[in-house]
Amino acid sequence: MAADYRPMWTELGMDLKAHDALLDALGKAYQDVFLSQKVRPEGMSYLDFVMSEVHGLRIKELNDARATGRKVVGTFCVFVPEEIVLAADAICVGLCAGAEFGFEEAEKLLPRNTCGLIKSAFGFKLTKVCPYTQSSDMVVGETTCDGKKKAYEIFKDIQPNVYIMEIPQMKNTADRQLFASEYWRFKEAVEKLTGVTITAERLKKAIITVNNKRKALHRLALLRAADPAPISGLDSLLINQVAFYDDPVRFTGAINKICDELEGRIKQNSGVAPKHTPRVLISGCPMSVPNWKLPLVIETSGAVIVGEESCVGERGQRNLVDEKPHTIEGEMEALIDRYFKIDCAVFTPNQDRTDHIISMAKEYKADGVIHYALQFCSPYTVESYLVEKELAKHGIPMLKIETDYSMEDVGQLKTRIEAFIETFRQPAWSH
Ligand code: BJ8
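Residues numbered from 1 in each chain as written. Predicted model: local features only at pLDDT ≥ 70, side-chain atom pairs only at ≥ 80, totals over all residues. Heavy atoms only, no water.

## Re the nonpolar core
(1) Moving on: Counting residues in each nonpolar core, the largest one holds 134 residues, and the members touching the most others are F186, I239, W292 and I417.
(2) Moving on: For this core, the two domains that each supply at least three residues are domain 1 (6-202) and domain 2 (217-321 + 327-336 + 342-430).
(3) Moving on: Sequence-distant contacts of F186, that is, excluding residues within four places in its chain, are made with V80, P81, I84, V85, M138, V140, Y163 and M165.
(4) Moving on: V306, I357, M360 and L391 belong to the second-largest nonpolar core, a separate cluster that totals 17 residues. (Core = buried A, V, L, I, M, F, W, Y, C linked by side-chain atoms within 4.5 Å. Buried < 20%, exposed > 50% of the residue type's maximum accessible area, 1.4 Å probe, protein only. Domains from an automatic or database assignment. Contact = heavy atoms within 4.5 Å.)

## Some words on the domain arrangement of the chain
A common way to report how large an interface is uses the accessible area buried once the components associate.
(1) Moving on: Parsing the chain into structural domains produces domain 1 (6-202) and domain 2 (217-321 + 327-336 + 342-430).
(2) Moving on: Contact with domain 1, which involves 57 residues of that partner, is made by 55 residues of domain 2.
(3) Moving on: Regarding the contact of domain 1 and domain 2, the summed buried area is about 4,800 Å², with carbon and sulfur atoms giving 70% of it.
(4) Moving on: Inspection of the region where domain 1 meets domain 2 yields 3 salt bridges.
(5) Moving on: Taking the shortest distance from any N to any O, the salt bridge between E61 and R250 comes out at 2.8 Å.
(6) Moving on: Connecting domain 1 to domain 2 are 17 residue pairs in polar contact (both at pLDDT 80 or more).
(7) Moving on: Looking at the side of domain 1 that touches domain 2, the elements that each hand over two or more residues are α2 (16-35), α3 (44-52), α4 (57-67), α5 (82-87), β2 (91-94), α7 (116-126) and α10 (173-194).
(8) Moving on: With 6 residues, the single largest contributor to the side of domain 1 that touches domain 2 is α10. (Buried area = accessible area lost by both parts, 1.4 Å probe. Salt bridge = Lys/Arg side-chain N within 4 Å of Asp/Glu carboxyl O. Polar contact = N/O pair within 3.5 Å; in protein donor to acceptor, adjacent residues only side chain to side chain. Helix = DSSP H or I, 4+ residues; strand = E, 2+ residues; numbered from the N terminus.)

This is the structure we're talking about:
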């Protein structure tokens, strides 16, 4: 980090000693996981910079904005509409955490058998190491899985201004009505927080900004259909992770530049791994920074990841908001339409998700799917049975992985993943 941010972190109420330990671990992991990769696209230097300043410059930007009266809204789920936040001139940041940090503290408030994502969010808050949570003027929780829904009741004790948004569990007409009313209620809450009235013009601008970000991410996703793959799954995941923190306009520009570079690579038939390298699609729970364990194991076991069916990936970013309406009612309807399509495993039934996994596997020419569920995550572990059954009908092999944030099972994972990859590796003579 270029500057001394310690006074800023102190002002945010952070524990500098614990934070130093976290940054130290994060820096080492980043070096080992990302900077050691070969033939990375040059454009990834933007992501390296963002990550080196993820607790520095970006936090300064947030707090400079707050000093001028703008607000920061922290979120844990892709059901929270970023467009509404942006339309009120506020800033939206993701707060999910992907490290086993502060678990001991978290387990004083939560049962041990709570998923790592929830425990990590609590751990980061309780040990005062997350400058994003500390900078949030409002934190939005949602009634998705039972773990999150109940944990927010406790989170309210340790974080000011937690707002709960109700998300239905089915997709019938009555559910959509509830969903729509919750979006209108959220709009009002954001207006109250910011003192800004969200006009049709403001919302239109925000819709276009977020659509442009999604278009850039989708452009990147489509380029990964090429063989050889022009970018690693690790770098693509990192891009999807940073999408939750960075300024959306700046981020979109940087990702489009990476895509230009990748198009050049594809024309030259060059990539990050040789042609015919086994191709894997990951599907399941979201992976937040610095949860890079599984992709690292996969890509150091002889395969390349060509897509992520995940909220930190295509499930979270696909489908654009219709830009045609120009009344506030029409724009809100368009937003609700887009978000109501998200096929999270908390919904029942959830056939759309399986259909999407199959279409992604075909589009990105994946040889197999690795289904990733965080330990103790009922929605995704239970749904994996039906996903596997459907994929089998289409001749797509699937490996189920259930793991957590610890590194203890890396050896065991590697053995299982290598064996899975071997089942579809093409013999060299067949190329
Ligand atoms: S829309 S996937 S971001 S809820 S891993 S906390 S489900 S027990 S994260 Fe999610 Fe929104 Fe759905 Fe996406 Fe619960 Fe499972 Fe933990 Fe999870």
